[in-house]
Amino acid sequence: MTTTRSSSPQLFKTTQSRKSIELLEDYVEAIDEILNTKGSVKNVDLCKYFGVSNATVSKNIKRLIKAKLVESEKYKNIFLTSHGKKLAEQSNTRHEILFNFLTKLGVPRKIAEIDSEGMEHHISKETLNMMKKFNNAN
């Protein structure tokens, strides 16, 4: 059997870098989705969406503000900045490409939805582009 996995510090650094942005992407996607369906977003909406405490949401909103992805005032609505909107769009696009790829392979829709949610944050541009080509060819 051929081994395809190689371990190196650089590969782990790449994975760690992707993990650090995963939470930010999940939050901007959620904010974008809630804004589109409800018209406004408050901490309580994100608490319900993620099933976490207000303290957790508040901590993460502070990270998003520091990263210039959202704007918010205490007890007020949360808005995506232009950078936040762009990140949400990019993440949604990756998710759709992955979901379509998995379903074209025959993965059941529910499983493809779950798997694509995790994979979207860790996939390289090169692999994603190959999946997009595959989707368009089939």
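Residues numbered from 1 in each chain as written. Predicted model: local features only at pLDDT ≥ 70, side-chain atom pairs only at ≥ 80, totals over all residues. Heavy atoms only, no water.

> Quick rundown of the packing of helix α4 (residues 82-104) against helix α6 (residues 125-137)? Include the residues and the values.
Running from N to C, α4 and α6 point in directions that differ by 55°, and their axes come no closer than 9 Å. Judged by the angle between their axes, α4 and α6 are oblique. Like other packed secondary-structure pairs, α4 and α6 cross with a definite hand, here left-handed. For the pair formed by α4 and α6, the contact residues are R94, I97, L98, N100, F101 and K104 on the first element and L128, M131, K132, F134 and N135 on the second. (Axes fitted to C-alpha atoms, helices over the stretch in contact; angles between N-to-C directions. Helix = DSSP H or I, 4+ residues; strand = E, 2+ residues; numbered from the N terminus. Parallel < 35°, antiparallel > 145°, perpendicular 65-115°, else oblique. Left-handed = near helix turned anticlockwise from the far one by under 90°. Contact = heavy atoms within 4.5 Å.)

> Before we move on, can you summarise the environment of S91 with the specific residues and values?
Within the secondary structure, S91 is located in helix α4. In this structure the C-alpha to C-alpha distance between S91 and E29, which are 62 residues apart in sequence, comes to 7.2 Å. The residues touching S91, leaving out its near neighbours within four places in the chain, are E25, E29, E120 and H121.

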